[in-house]
Amino acid sequence: MALHCTECGFVNAEGANYCQRCGALLPRAESAGEPATATYRIDDTGELVPVELDEVTAHGPALVIRAGGGREGESFAIDGERTTIGRRPDSAVFLDDVTVSRDHALLIQRGDQWYLDDLGSLNGTYVNRTRIESQRLEEGDEVQIGKYKLTFHVR
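Bear in mind that the values here come from a model prediction, so they are computed numbers and not experimental data.

With that out of the way, let us pick up the overall build of the protein. For the protein, the count of helices and strands is one helix and 15 strands. Restricting to contacts in the protein with at least 6 residues of sequence separation, those with at least 24 account for 33%. Total accessible area on the protein stands at roughly 8700 Å², and carbon and sulfur atoms take up 47% of it.

Here we come to the sheet that holds strand E12 (residues 130-132). Spatially, six strands are ordered E6-E5-E15-E14-E11-E12 in an open sheet, and the strand pairing comes out antiparallel. Here the strands that pair on one side only, and so sit at the sheet edges, are strand E6 (75-77) and E12. Across the sheet, the mean angle from the axis of one strand to that of its neighbour is 30°, orientation sign disregarded. One ladder, built from three bridges, connects strand E11 (residues 125-127) with E12; its direction is antiparallel. Residue pairing in the sheet places tyrosine 126 in a bridge with arginine 131 of E12.

It is worth spelling out unusual backbone geometry at this point. Note on backbone geometry: most residues besides glycine have negative phi, and most peptide bonds are trans. Of note in the backbone geometry, asparagine 128 takes a positive phi value of approximately 50° without being a glycine. Mapped onto the elements of the fold, asparagine 128 is located in the loop between E11 and E12. For arginine 129, which is not glycine, the phi torsion reads 70° and is therefore positive. By secondary structure assignment, the location of arginine 129 is in the loop between E11 and E12. Note on arginine 129: relative accessible area 43%, which makes it partly exposed.

Moving on: the nonpolar core. What tends to happen in soluble globular proteins is that the nonpolar side chains get buried as a cluster. Counting 20 residues, the largest nonpolar core has Leu63, Ile85, Leu95, Leu107 and Leu116 as the members making the most contacts within it. Breaking this core down by element, the ones donating at least two residues are strand E5 (62-67), strand E9 (105-110), strand E10 (113-118), strand E14 (142-145) and strand E15 (148-153). With three residues, E15 is the single largest residue contributor to this core. Contacts of isoleucine 85, omitting those with residues within four sequence positions, involve Leu63, Ser91, Val93, Leu95, Asp103, His104, Ala105, Leu107, Leu116 and Ile145. Core analysis: the second largest hydrophobic core is formed by six residues, Cys5, Ala16, Cys19 and Leu26 among them.

Rules behind the numbers
Residues numbered from 1 in each chain as written. Predicted model: local features only at pLDDT ≥ 70, side-chain atom pairs only at ≥ 80, totals over all residues. Heavy atoms only, no water. Helix = DSSP H or I, 4+ residues; strand = E, 2+ residues; numbered from the N terminus. Contact = heavy atoms within 4.5 Å. Areas by Shrake-Rupley, 256 points an atom, 1.4 Å probe, with all protein chains shown as cover. Pairing = 2+ DSSP bridges. Axes fitted to C-alpha atoms, helices over the stretch in contact; angles between N-to-C directions. Buried < 20%, exposed > 50% of the residue type's maximum accessible area, 1.4 Å probe, protein only. Core = buried A, V, L, I, M, F, W, Y, C linked by side-chain atoms within 4.5 Å.

This is how it looks when you write it as structure tokens:
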């Protein structure tokens, strides 16, 4: 069964999670009680802990890795008004790859909106395949940082 994108109308192949044309999250009918989106977090011991996307976004926005580094499905709940993204180990969203700058980008709340600011990274920061310096984010936006593609979720 083909999946039609609710954003751009593109017909995607069965099993696709994101639109091949615009990158939007594709709608899913719940089947056999399985969750529509599989995501996880890493606990203090380094173990993978499955979580529901609604649970991750219950208290604010989240970034979910959808491609890159073998970490597909890893989620990062956004706490506070500023979230650092980069290759620096103490970054809130730590992306360990040479394609990511040590201090690559900053996710920041301005008023009731969320913005992604590039911090002068070498390889750039992209939102929906467009290189940005600062961009307001909306539900389902695709963020590319180095080889990682993440989806921004806010409910």
